[in-house]
Amino acid sequence: MVNYLIKRTLFALLLVLVVATIVFGIVRLAPGDPAIVILGDAASQESIEALHEEMGLNQPLWRQYAVFMGNLAQLDLGDSMINGVPVLDQLEVALPYTLELTTAGMILGVVLGIPLGVICALYRNRIPDYLGRVLSLGGISIPSFYLSILLLYAFAVKCQWFPVVNLSTDGSIAARLYNLVLPMTTQGLIMTSFIMRMARSSLLDVLGEDYVRTARGKGLPERLVIFRHALINALIPVVSVIGIYFVINLGSSVMTEIVFSRPGLGKLMVLAMKQRDYVMLQSVMIVYAFLAIFINFAVDMAYALIDPRISSR
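A.B. asks: Explain the nonpolar core here, please?
C.D. replies: What tends to happen in soluble globular proteins is that the nonpolar side chains get buried as a cluster. Counting 35 residues, the largest nonpolar core has Leu 182, Ile 195, Leu 203 and Val 238 as its most contacted members. At the level of elements, helix H5 (87-122), helix H7 (144-158), helix H8 (173-207), helix H9 (210-217), helix H10 (222-259) and helix H12 (278-306) are the ones that each hand at least two residues to this core. Broken down by element, the residue count for this core peaks at 12 residues, all from H10. Not counting the four nearest positions on each side in its chain, Val 238 is found in contact with Ile 114, Ile 195, Met 198 and Ala 199.

Dropping the structure here:
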C-alpha cells in the first residue's frame, strides 16, 4: 500500500508539472494584449511598451516560463495584471464557492444515484427500471447551463422560492445553504444520471456471478446478498464514474456559477479572459487542474481501499 501511494503521488506531481507547462503555453498564445486592455485603445506605443516591461511581457518566453515555474514552486501565483491584487487573495474568496457547489452536487448525485441504480437493477425491465432509464437519459442529455436556466426560471422567477442572484450578504451558513439549493440541484441531478446508469449496469453484472448465486443458495436473506455480497463488488466502476464526473462537474460549474451569479472560480476565470489578465487566468486554470488531479488521486486511493489487490499489482 505504501509503495502504491508513493507511485501515485509521484505521478500526480509529474502531471501537475505537465499541466502547468501546457497552461502557460495556452495562455500566452491567446489573442489580445493586457496592456491595451489596461491603457485603452488610444494609448501610445511608448506607454504600451513601458507597461510590457513593467509586467515582464517583453521578456523571452523561456524566461517568463522560468519565472512562472519558480514562483509556482514557492506557491506564489503573483499579482493580477489588472488591479494589482495578489491572486491568492482573490482565489481564497472564490475557491470556497466552487468547492461547496461541486461537493454538494457530488453528494446529491451519490445519495440519489446509487439507490436509484440499485432499484433499477433489482426491477430490471419493469416500470421502475424504465422510468429510471428515461430520467437518467434526460439528465445526461441536458446541458448544465440550460438546466440552470430552467430551474432559475421555475423556482426563482415564477415561484420566487429562491433568489435570482445567488449572493449571501450576511455570510451565515443558513444563507449560504439557501443560495446553494438551485445550483447544487443543477450539478447533482446531472451527476445522479451518470451514477445511476453505472450503478445499475455494474450491479446487474455482479448479480450474475457465481458467488452471488452461491450466497442465495445458502439461503441468505436477499437484502444481505444484495448489500454485502453484490453491491460492495459493484462499487469499483461506480467509484470510477464518481471521480470522473466530479471532475466534469467541476468544469461545468463555470457555466452554473455564471447563470446563478455565484462569485466562484468560473466567474473569476471569465473575467480574467475578458481582461486578458494572464496571471489570473493561468492561476485559475492551474487550480482547476490541481483539483482534477487531486480528485483522480483520491479515486485511486479509494480503489485500493475497496479492493486491496489493486495496490499490490
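Resuming the write-up.
A.B. asks: What exactly am I supposed to notice about the packing of aromatic side chains here?
C.D. replies: How two aromatic rings sit relative to each other is given by the distance of their centres and the angle of their planes. Counted by the stated rule, this structure contains 2 aromatic pairs. Both rings, one in Phe 155 and one in Trp 161, keep their centres 5.7 Å apart while their planes meet at 35°; by these two values the pair is tilted. Given the relative accessible area of 28%, Phe 155 is considered partly exposed. Measuring from ring centre to ring centre gives 5.5 Å for Phe 162 and Tyr 178, while their planes differ by 35°; the resulting arrangement is tilted. Residue Phe 162 is found in the loop between H7 and H8, and its partner Tyr 178 is found in helix H8; the two are separated by 16 residues along the sequence. In this structure Phe 162 comes out as buried when scored by relative accessible area, which is 18%. Relative accessible area serves as the criterion here: at 40%, Tyr 178 is assigned to the partly exposed category.

A.B. asks: For this particular structure, what's the right way to read the environment of Ala 298?
C.D. replies: Structurally, the position occupied by Ala 298 is in helix H12. Its relative accessible area of 37% is what places Ala 298 among the partly exposed residues.

A.B. asks: What is the right way to look at the packing of H5 against H8 in this model?
C.D. replies: Describing two packed helices takes the angle between their axes plus the distance from one axis to the other. Where H5 meets H8, the axes come as close as 4 Å, and the angle between the chain directions of the two elements is 35°. Along this stretch, H5 crosses H8, giving a crossing that reads as right-handed. Among the residues making up the contact of H5 with H8, the classes are represented as 24 nonpolar, 8 polar and 3 charged.

A.B. asks: Sorry, what's going on with the packing of H7 against H8 here?
C.D. replies: H8 packs onto H7 with a crossing angle of 135° between their chain directions and a minimal axis gap of 9 Å. With respect to their mutual orientation, H7 and H8 come out oblique. For the pair H7 and H8, the sense of crossing is right-handed. Here Ser 144, Leu 147, Ser 148, Leu 151, Leu 152, Phe 155 and Ala 156 of H7 come into contact with H8, specifically with Leu 182, Thr 185, Thr 186, Gln 187, Leu 189 and Ile 190.

The rules behind these values
Every chain is numbered on its own, with residues counted from 1 as its sequence reads. Since the coordinates come from a predicted model, pLDDT governs what is reported: local features require at least 70, and pairs of side-chain atoms require 80 or more to be given and counted, while whole-chain, interface and lining totals use all residues. Neither water nor hydrogens contribute to the side-chain values; these are computed over all heavy atoms in the structure. Among buried residues, those of type Ala, Val, Leu, Ile, Met, Phe, Trp, Tyr and Cys that are joined through side-chain atoms within 4.5 Å constitute a nonpolar core. Under the scheme applied here, a residue whose accessible area is under 20% of the maximum for its type counts as buried, over 50% as exposed, and between as partly exposed, the area being computed with a 1.4 Å probe on protein chains only. Numbering of helices and strands runs from the N terminus, with a helix taken as a DSSP run of H or I at least four residues long and a strand as a DSSP run of E at least two residues long. Any pair of residues with heavy atoms lying within 4.5 Å of one another is described as a contacting pair. Note on aromatic contacts: the rings of Phe and Tyr and the six-membered ring of Trp form a pair at centre separations within 6.5 Å, being stacked when their planes are under 30 degrees apart, edge-to-face when over 60 apart, and tilted otherwise. Only the stretch in contact is used when a helix axis is fitted, and all axes are lines through C-alpha atoms; the angle between N-to-C directions ranges over 0 to 180 degrees. Less than a right angle of anticlockwise turn of the near helix away from the far helix marks a crossing as left-handed, whereas a clockwise turn marks it as right-handed. Throughout this entry, Asp, Glu, Lys and Arg are counted as charged residues, while Ala, Val, Leu, Ile, Met, Phe, Trp, Tyr, Cys and Pro are counted as nonpolar. The remaining residues, Gly among them, count as polar. Every angle not falling under 35 degrees, over 145, or within 65 to 115 is termed oblique; those three ranges are roughly parallel, roughly antiparallel and roughly perpendicular.

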